[in-house]
Amino acid sequence: MTGLAALKTEARKAAFARRAEAFATAGGAHAGKLSEVLAGYRGVPLAGYMAMRTEIDPTPAMAEAAAHGPVGVPVIRAAGQPLRFSRWEPETAMIDGPFGARIPAVEELIDPEILIVPLVAFDAHGNRLGYGGGFYDRTLEELRARRPRLAIGFAFDAQEAGSLPLEVTDQPLDMIVTETRVLSFR
Ligand SMILES: Nc1nc2c(c(=O)[nH]1)N(C=O)[C@@H](CNc1ccc(C(=O)N[C@@H](CCC(=O)O)C(=O)O)cc1)CN2
Ligand SMILES: Nc1ncnc2c1ncn2[C@@H]1O[C@H](COP(=O)(O)OP(=O)(O)OP(=O)(O)O)[C@@H](O)[C@H]1O
């Protein structure tokens, strides 16, 4: 493991612990701020995610958005490949995907303008640490090469880190939304 990879592993471990604690103590609804932000973008194609483990759950905000326009959730094609997003509505039949997240049983791909991005840790500048697959970095790089996208990191306040180990392939977030705050970076 390189020095940087070791630092990322360490930062991930610390943030996982803080996220698990926030998840256990938070209880109830957390997507209110996310709903407020998304209400300004009705009908715009949106990528959300199906929460795994102790991730903060964006599905209430996704359900509201789905009443006005297309919403999708990530589908892994293969390691080292960007994600695809398959159409999701609250009633969509779901199956287990390859890496533990639920995916729609029937695939219908969408091209999202706005992405709600899951994360392990974030900093006050919009940098993000994920699970280490590089999936969202590759996906945002590919999508942004075609046109700008709005990437919104969604997390518990407790997932904020003072500073994060970064590499050139890390794609910055445009906004971070938590259970209490909205941070904008551009
Ligand atoms: N809800 C949600 N869905 C998502 C993501 C996410 O972060 N959150 N992803 C964002 O990318 C993709 C899934 N990425 C994942 C990457 C790794 C593992 C995982 O379980 N890894 C194993 C072993 C890793 C290793 O071999 O090093 C583990 O952590 O135990 C799961 C999902 C697509 N869907
Ligand atoms: N666009 C890219 N092209 C090539 N390699 C990349 C790209 N993005 C990331 N990587 C590589 O993928 C590996 C994992 O990246 P990183 O640790 O940033 O993942 P992550 O952001 O934590 O995970 P995820 O985005 O899946 O939640 C690193 O070795 C990184 O260099």
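Residues numbered from 1 in each chain as written. Chains lettered and ligands numbered in written order. Predicted model: local features only at pLDDT ≥ 70, side-chain atom pairs only at ≥ 80, totals over all residues. Heavy atoms only, no water.

- As annotated in an unreviewed UniProt entry, the chain is 5-formyltetrahydrofolate cyclo-ligase from Seohaeicola nanhaiensis.
- Its UniProt record gives the chain the following Sequence similarities (unreviewed entry) comment, quoted word for word: "Belongs to the 5-formyltetrahydrofolate cyclo-ligase family."
- Listed under Cofactor (unreviewed entry) in UniProt, the entry text for the chain is "Mg(2+)". (UniProt positions renumbered as here; feature names shortened; annotations may be inferred.)

1. Thoughts on the site of ligand 2
For step 1, the next point in the chain: Near ligand 2, the surroundings consist of 16 residues, among which Arg128, Gly130, Phe135, Asp137 and Asp170 are the closest.
For step 2, the next point in the chain: Contact between ligand 2 and Gly134: an oxygen atom at 3.0 Å from a main-chain N or O atom of the residue.
For step 3, the next point in the chain: One of the side-chain N or O atoms of Glu167 is found 3.0 Å from an oxygen atom in ligand 2.
For step 4, the next point in the chain: When the free accessible area of ligand 2 is taken as 640 Å², the share hidden by the protein chains comes to 77%.
For step 5, the next point in the chain: Listing elements by their share of the shell around ligand 2, those giving two or more residues are helix H1 (3–26) and helix H4 (135–146). (Near = heavy atom within 4 Å. Polar contact = N/O pair within 3.5 Å; in protein donor to acceptor, adjacent residues only side chain to side chain. Areas by Shrake-Rupley, 256 points an atom, 1.4 Å probe, with all protein chains shown as cover. Helix = DSSP H or I, 4+ residues; strand = E, 2+ residues; numbered from the N terminus.)

2. A closer look at the environment of Ser86
For step 1, the next point in the chain: Position of Ser86 among the secondary structure elements: in strand S3 (residues 84–87).
For step 2, the next point in the chain: Separated by 42 residues in sequence, Ser86 and Arg128 have C-alpha atoms that sit 23 Å apart.
For step 3, the next point in the chain: Sequence-distant contacts of Ser86, that is, excluding residues within four places in its chain, are made with Val71, Gly72, Val73, Val75, Pro104, Val106, Glu107, Glu108 and Leu109. (Contact = heavy atoms within 4.5 Å.)

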